[in-house]
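# Examination of the molecular architecture
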Amino acid sequence: MAISSQLNLKHSMQIPGFSINKNSNCFIIAEIGINHGGDYIVAQEMIDAAFNAGADGVKLQIVDPDDSYSKNNESHSIFSKSILTEKQIYDLVNNNINKGIVFATAGDVSSFKKCINAKVQLYKISSGLLTNRPLINLVAKSNKPMIFSSGMATLKEIKSAVEYARLSGCEEISVLQCTSIYPAPEETLNLSAMNILEQNCNCIIGYSDHCLGWLACNTAVALGAKIIEKHFTLNNKLNGADHKISLNYKDFSLMVKDIRNIEKMYGNGIKEPHKDEIKKRDSLRRYCVAKNNIYPGELFNINNVVFRRLGEEKKGIEALNFDKIENKKAKKLYKSGSIII
């Protein structure tokens with residue numbers, strides 16, 4: 001079932017350079033995260049590749065390992081090797097404005113301050129940060145749009161986070177259906193939950209994907225997702241779990257192409273024939289034709305009339321109107337194969 005538009009929902013979200021609504025194209029995010037490994041040049045190469053592949057936005061993960069993780073947590077070691085300086089973050093965000101929007105998940109308060117100084121214009125609240133109210137409060141008060149991922153969370157927790165962000169001053173909010181398993185098996189994705197999220201959170205809904213391939217992203221768009229987030233890499237063979245669940249340039253490009261083609265299929269929702277169908281429908285529909293000789297005074301019936309698609313001949317009575325001649329007397333001779341007029 002596609003996401004309902006019958007309810008009085010806030011079907012719009014304004015972010016710098018984009019207006020996302022039920023009639024707009026899907027906003028496609030390339031999640032670079034920390035796949036750059038702390039290398040600024042690689043990060044810029046990834047940003048260039050992601051935009052060239054058709055992404056509308058590129059997301060970084062900005063984290064202070066000491067503030068976000070205890071030292072015996074595996075993430076502390078991983079993120080310690082992937083740190084960008086505040087100047088590098090600023091350059092990545094501001095030197096690519098003409099290509100799209102580069103934004104961030106700020107994993108902690110100190111990282112959020114770096115993002116503010118770097119003039120980040122859009123923030124993602126990851127699934128692991130959904131209950132981090134002090135951080136959500138700061139981001140909301142910055143008056144920047146927020147995208148929430150909903151992995152691991154109950155509906156009550158998601159609604160609570162969204163309502164808290166709104167009370168803290170954020171007007172532009174979206175929520176992404178997400179399963180925080182890496183990679184996520186197909187049976188865990190629960191894409192139909194987007195409908196419930198939309199009704200309960202009253203905002204633009206999308207999907208953050210951790211499944212292999214991109215079929216789930218295509219399906220989510222077909223179901224009404226207006227934001228898609230997919231991990232991006234330059235090389236799936238690089239070390240690190242995110243590289244394995246990411247799409248490379250070629251595959252990300254194919255996903256974008258699929259999504260844009262799906263959007264072309266939406267139409268306007270009004271059931272009416274296309275102008276090109278109208279041009280040829282007369283040649284495709286069926287018309288009343290004498291199955292055998294029908295003599296004057298003989299009754300037209302289902303046994304002596306067939307319904308044929310005609311060629312270049314002048315058309316007669318459509319099968320649609322057979323009831324108007326059925327059991328009526330023929331006024332002249334209709335030879336077998338002649339069109340009844």
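Residue numbers run consecutively from 1 along every chain, following the written order of its sequence. Only residues with pLDDT of at least 70 get local features here, since the model is predicted, and only at 80 or more are side-chain atom pairs given and counted; chain-wide, interface and lining totals rely on the full set of residues. The side-chain figures draw on all heavy atoms in the structure; neither hydrogens nor water molecules are used.

Once that is clear, we can look at the overall build of the chain. Strands are runs of DSSP state E lasting at least 2 residues, helices are runs of H or I lasting at least 4, and numbering of each runs from the N terminus. When you go through the chain residue by residue, the secondary structure sums to 12 helices and 12 strands. Across its three principal directions, the C-alpha atoms of the chain cover 100 × 40 × 35 Å. Burial classes follow relative accessibility: with a 1.4 Å probe on protein chains only, a residue under 20% of its type's maximum area counts as buried, one over 50% as exposed, and anything between as partly exposed. Across the 341 residues in the chain, those meeting the buried criterion constitute 45%. Any two residues whose heavy atoms approach within 4.5 Å at even a single point are treated as in contact. Relative to all contacts within the chain whose residues are 6 or more apart in sequence, the contacts with residues 24 or more apart total 67%. Here the chain displays about 17500 Å² of accessible surface, and carbon together with sulfur accounts for 51% of that area. Working definition of accessibility: Shrake-Rupley area with a 1.4 Å probe, residue cover restricted to the visible protein chains.

This brings us to the pairing of strand β3 (residues 27-33). When you tally the buried positions in β3, you get 7 out of 7 residues, the bulk of the element. What you see with β3 is no split at all: F27, I29, E31 and G33 on one side and I28, A30 and I32 on the other are buried throughout. Two elements, β3 and strand β10 (residues 227-231), share 5 bridges in a ladder whose sense is parallel. From the neighbouring strand, I29 faces β10, where its bridge partner is E229. In terms of strand pairing, β3 meets strand β4 (residues 57-62) through 4 bridges, oriented parallel. If you follow A30 over to β4, its bridge partner there is V58. Here is how to tell: hold the view so the strands point away, follow the path from the first strand over the helix to the second, and if it runs clockwise the crossover is right-handed. Chirality of the crossover, the property in question, places the unit of β3, helix α1 (residues 40-52) and β4 among those that are right-handed. At least two bridges found by DSSP between two strands is the condition for calling them paired.

When their charged atoms lie close together, side chains carrying opposite charge are able to pair. Within this document, salt bridges are pairs made up of a side-chain nitrogen of Lys or Arg and a carboxyl oxygen of Asp or Glu, the two lying within 4 Å of each other. The full count for this structure, using the stated rule, is 8 salt bridges. Residues K124 and E229 are paired through a salt bridge, measuring 2.7 Å at the closest nitrogen-oxygen approach. Remark: E229 occurs in strand β10 and K124 occurs in strand β6 (residues 123-125); sequence separation between them is 105 residues. Judged by relative accessible area, K124 falls into the buried class, the value being 4%.

Turning our attention to empty space enclosed by the protein. Put plainly, a pocket is an open set of points on a 1 Å grid over the protein atoms alone with protein on both sides within 12 Å along at least five of seven lines, a cavity is a set where a 1.4 Å probe fits but cannot get out, and a lining residue has an atom within 4 Å of a point. Grid points are joined across faces, edges and corners, and a volume is the space filled by probe spheres set on the points. This structure, assessed with the given rule, holds 1 cavity of 30 Å³ or more. Contributing to the lining of the largest cavity are H36, Q61, I62, V63, F79, S82, I83, L84 and K114. By the convention adopted, Pro, Cys, Tyr, Trp, Phe, Met, Ile, Leu, Val and Ala count as nonpolar, Lys, Arg, Asp and Glu as charged, and the other residues, Gly among them, as polar. Here the residues of the lining of the largest cavity sort into 5 nonpolar, 3 polar and 1 charged.

Right, let's talk about helix α11 (residues 249-266) for a bit. Look at α11: 26 Å from first C-alpha to last across 18 residues, which is about the 26 Å you get at 1.5 Å a residue. What α11 keeps buried is the set F252, M255, V256, I259, R260, I262 and E263. Down the axis of α11, the sector holding all buried residues measures 155°, keeping them to one side. Relative to its buried face, α11 has exposed residues pointing more than 90 degrees away, namely K250, K257, K264 and M265. Residues of α11 that are buried in the fold lie against β3, α9 (215-222) and β10. In the analysis that follows, any N or O atom pair within 3.5 Å is treated as a polar contact, provided that within protein one partner can donate a hydrogen and the other can accept it, and provided that, for residues neighboring in sequence, both atoms belong to side chains. Sitting at the head of α11, N248 places a side-chain oxygen 3.2 Å from the backbone nitrogen of K250. G267 sits one or two positions beyond α11 and adopts a positive phi of about 70°. Expected span of a helix: the number of residues minus one, times 1.5 Å. The directions from the helix axis to the C-beta atoms are what the arc is built from.

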